[in-house]
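One-letter residues, chain by chain:
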Amino acid sequence: MTAPTGYVGAIASIGADDVPAMYEGAKFYSPAVGDANRSSITSWLAGLLDRNGPVPLLRVESLAPETPCVSVCVLGSGSAMADLPPAGDEFEAAVRRIERLEQIRFGAIYPLAAATISALVAVVTAAQLRVPLLDADGMGRAFALIHHTAMHLAGVSPTPLAAVGPTGESVLLEVPSGPRADRMLRANVDTVGGWAALAAYPTTAGVLRRAALPGTVSRIANVGRLLLERTDPDLLVTRLGAITGCRRLARGRIVELEHLSRPSDVTIPAHPSSLVVEEIGDLERQLRIELRSEIVAVFADGALIAGAPDLMCLLDVSRGTLATLDSLEPGDLVDVLVTPADAIWYSPEGMRMVGLISHGIPLAHPRRR
C-alpha cells in the first residue's frame, strides 16, 4: 500500500530521533506512571526505527475509508513489564491473531491511548508490520479501562481482541460488551504474566473519522519537545498552555502524603490515597489532591477546583520536570497543573464514564457549575 503524506507537527514520520520527545509527551498525558521501563522501551523503539526506517504518521482522513485499522496498548502492570520485558513480538502477534480470525490485513495502527508507553508500542507495532501509524487515539490521555474510549461512546466494539503475554500465551475474546471485555481481560492478565500486549477495536478508517480523537499522537510529540528543553517552569507552563490549554492551579510544598490506606471500588484498579500541598504566595491555600491510578480531584481550602476528566499533574519546580506519583516526597516544591481533556469527555455520557462520579466523588465538576 502506498502511504499518503502524514505529519508530526511539520514532519511526515516518526524516526529514532523523535523517540525521546514521544516518551516525554506520553508521560505528560499519564503522569501517574513511573520511569521503570524508560530505557528498555526507548532503546527498543529507537533501534527498531533505525533498522526499519521511520514510521509514516497519517491523518485518519488521508486513508481510504475502507482501510482496516486496529489499536494497540499495554494492558496490566508496568512493574510486571519491567520484571518480564517484552520479547519483542507480542504486539505484532496480537494483531496477527485478529487478522487470522477476521481474514483481513490491517493497513494502519493507532494507539488505544496516546499516553503511557502504549503510545510508543503503537509506533513499535507499526514499524514491525510496516504500516502507517494514525495520528489519532481513543482516549486523548490515559484512562483506567479499555472501554473508556471515544470509540466505545460511538458504538464501536473493542472485540474481537487479542492479548498476548510475555510468555507467549494469548487470550482471544469475542464479547458484545466493552465493560464485559475489560472484566474478562483483567481476569487473565495475571495468569499470562502480569501484563499483556493488547490489540483491540478493529475497524475501518471511515469509522475512525467519526469515532477517534484526531491529532493526539502529534500532540504528544510537540509536548515532549517542550519538556525536553528543561526551561524555566513559568515559561514551560506558558508554552504548554499554547499547545494543550494547560494552566497552573497553584505552586506549593508537599506537606503530607497519605499512602494506600483506604478501600477501593473494585471496578477501578487502584487504591485511593491523597497528598496535601501548602500553597506559597498571596493566597496560601491548602490543597488536597485525591489520587487513584491518577490524580482525580484537587480541592483548595475544601472547594473543588479541578477534577476528572481533567488531566492533572505535578511539575517538580526545582528540576523543571514532571513528577510521577511514585516519586513524591514531603518538602517537594511542585506546580499543580490542569489540562482540559478532549471535549467528548465533558459530555453527559463521557462524564458518567470517566468523571468524578466514576471515582466515587459525587460532586459537580467545576465546568458544570
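Going along each chain's sequence as written, the residues are numbered from 1 onward. The predicted origin of the model limits local features to residues at a pLDDT of at least 70 and limits the giving and counting of side-chain atom pairs to 80 or more, whereas totals for whole chains, interfaces and linings rest on all residues. Computation of side-chain values covers all heavy atoms of the structure but excludes hydrogens and water.

### Quick look at the overall build of the protein chain
Worth spelling out the cut-off: Secondary structure is summarised from DSSP: a helix means a run of H or I of at least four residues, a strand means a run of E of at least two, and numbering begins at the N terminus for each. Based on C-alpha atoms, the radius of gyration is set beside the globule rule, defined as 2.2 Å times the residue count to the power 0.38. The cut-offs for exposure are 20% and 50% of the maximum accessible area for each residue type, with area from a 1.4 Å probe on protein chains only; residues under the lower value are buried, those over the upper are exposed, and the others partly exposed. When checking whether two residues touch, look at their non-hydrogen atoms; a contact exists if any pair is within 4.5 Å. Exposure was quantified through the Shrake-Rupley algorithm and a 1.4 Å probe, taking into account, for residues, occlusion by the shown protein chains and nothing else.
Counting secondary structure elements, the protein chain contains eleven helices and 18 strands. In terms of C-alpha radius of gyration, the protein chain reaches 20 Å, essentially the compact-globule figure of 21 Å for 369 residues. Each of the three principal axes of the protein chain carries a C-alpha extent, and together these read 60 × 40 × 40 Å. A total of 369 residues make up the protein chain; the buried ones form 58% of that total. Counted over contacts in the protein chain with a minimum sequence separation of 6, partners at least 24 positions apart contribute 71%. On the protein chain, roughly 14,700 Å² of surface is accessible, and the fraction owed to carbon and sulfur atoms is 51%.

### Looking at the packing of helix 1 (residues 19–28) against helix 5 (residues 116–129)
Put simply, the rule reads: Where helices are involved, their axes are fitted lines through C-alpha atoms of the stretch in contact, as for all axes, and angles between N-to-C directions lie from 0 to 180°. It is the rotation of the near helix from the far one that decides the hand of a crossing: anticlockwise by less than a right angle makes it left-handed, clockwise makes it right-handed. Under this grouping Gly is polar, as are all residues other than the nonpolar Ala, Val, Leu, Ile, Met, Phe, Trp, Tyr, Cys and Pro and the charged Asp, Glu, Lys and Arg.
Where helix 1 contacts helix 5, the two axes come as close as 7 Å, and the packing angle between them is 145 degrees. The element helix 1 and its partner helix 5 pack so that their crossing is right-handed. Residue-level contacts link Val19, Met22, Tyr23 and Ala26 of helix 1 to Thr116, Ile117, Ala119, Leu120 and Val123 of helix 5. For the contact of helix 1 with helix 5, a count of residues per class yields eight nonpolar, one polar and no charged.

### Structural notes on the sheet that holds strand 13 (residues 286–291)
Quick note on the threshold: Between any two strands, pairing holds if DSSP finds at least two bridges.
Strand order across the open sheet formed by eight strands is 15-14-13-12-11-18-16-17, with antiparallel pairing between neighbours. Every interior strand has two partners, whereas the edge strands, strand 15 (303–307) and strand 17 (321–323), have only one. Neighbour-to-neighbour, the strand axes of this sheet turn through a mean angle of 40 degrees, independent of strand direction. Across three bridges, strand 16 (residues 311–316) lies against strand 17 in antiparallel orientation. The residue bridging leucine 315 from the neighbouring strand is leucine 322, located in strand 17. Of the strands in this sheet, strand 16, strand 17 and strand 18 (333–339) touch helix 1, which is tilted by about 40 degrees from strand 17.

### Some remarks on the pairing of strand 4 (residues 108–111)
Put simply, side chains in a regular strand alternate between the two faces of the sheet. Burial along strand 4 is two-sided: Ala108 and Tyr110 and Ile109 and Pro111, pointing in opposite directions, are all buried. The pairing of strand 3 (residues 68–76) with strand 4 spans four bridges and is parallel. Each residue of the ladder has a partner; that of serine 71, found in strand 4, is tyrosine 110.

### A closer look at the nonpolar core
Which entries qualify depends on this criterion: Working definition of a nonpolar core: buried Ala, Val, Leu, Ile, Met, Phe, Trp, Tyr and Cys residues. They are joined through side-chain atoms within 4.5 Å.
Of all hydrophobic cores here, the largest spans 63 residues; its most connected members are Phe28, Leu49, Ile109, Leu120 and Leu133. Among the elements that line this core, the one with the most residues is helix 5, at ten residues. When near neighbours in sequence (up to four residues on either side) are disregarded, phenylalanine 28 contacts Val223, Leu227, Leu240, Thr244, Leu311, Cys313, Leu322 and Thr339. Val192, Leu208, Leu213 and Ala341 belong to the second largest nonpolar core, which has 42 residues in total.

### Thoughts on the pattern of salt bridges
To keep things clear, this is the line we draw: Just to be clear on terms, a salt bridge is a Lys or Arg side-chain nitrogen sitting within 4 Å of an Asp or Glu carboxyl oxygen.
Counted by the stated rule, this structure contains 18 salt bridges. Here arginine 248 ties to aspartate 335 by a salt bridge, and the two come within 3.2 Å at their closest N and O atoms. Here aspartate 335 lies in strand 18 and arginine 248 lies in strand 11 (residues 247–258), a separation of 87 residues in the sequence. What makes aspartate 335 buried here is its relative accessible area of 0%. Residue glutamate 279 is joined to arginine 285 by a salt bridge in which the shortest nitrogen-to-oxygen separation is 2.7 Å. Across the pair, arginine 285 and glutamate 279 agree in class, each one buried. One continuous salt-bridge network, built from bridges that share partners, spans Asp234, Arg248, Arg251 and Asp335.

### Comments concerning helix 9 (residues 216–228)
The condition that has to hold: Given a helix with a known number of residues, its expected span is that number minus one, times 1.5 Å.
Counted at 1.5 Å a residue, the expected span for helix 9 with its 13 residues is 18 Å, and the 18 Å between its end C-alpha atoms agrees. What helix 9 keeps buried is the set Thr216, Val217, Ser218, Arg219, Ile220, Ala221, Val223, Gly224, Leu226 and Leu227. Directly beyond the C-terminal end of helix 9, a positive phi value near 50 degrees is found at arginine 230.

### A short note on the packing of helix 1 against helix 2 (residues 38–52)
Heads up, the rule is: An angle below 35 degrees is treated as roughly parallel, one above 145 as roughly antiparallel, one from 65 to 115 as roughly perpendicular, and anything else as oblique.
One way to put it is that helix 1 packs onto helix 2 with a least axis distance of 10 Å and a crossing angle of 140 degrees. In this view, helix 1 runs oblique relative to helix 2, as classed from their interaxial angle. You can see that helix 1 and helix 2 cross each other, and the crossing is right-handed. Along the contact surface, helix 1 presents Val19, Tyr23, Glu24 and Lys27, while helix 2 presents Arg38, Thr42, Leu45, Ala46 and Leu49. Residue composition of the contact of helix 1 with helix 2, grouped by class: five nonpolar, one polar and three charged.

### Examining unusual backbone geometry
In this structure, the amide linkage connecting threonine 159 to the following residue, proline 160, adopts the cis form with an omega of 5 degrees. Between alanine 308 and the following residue, proline 309, the backbone shows a cis peptide bond with an omega angle of 15 degrees. Positionally, proline 309 belongs in the loop between strand 15 and strand 16. Although it is not a glycine, glutamate 284 sits at a positive phi angle of roughly 50 degrees. Mapped onto the elements of the fold, glutamate 284 is located in the loop between strand 12 (273–279) and strand 13.

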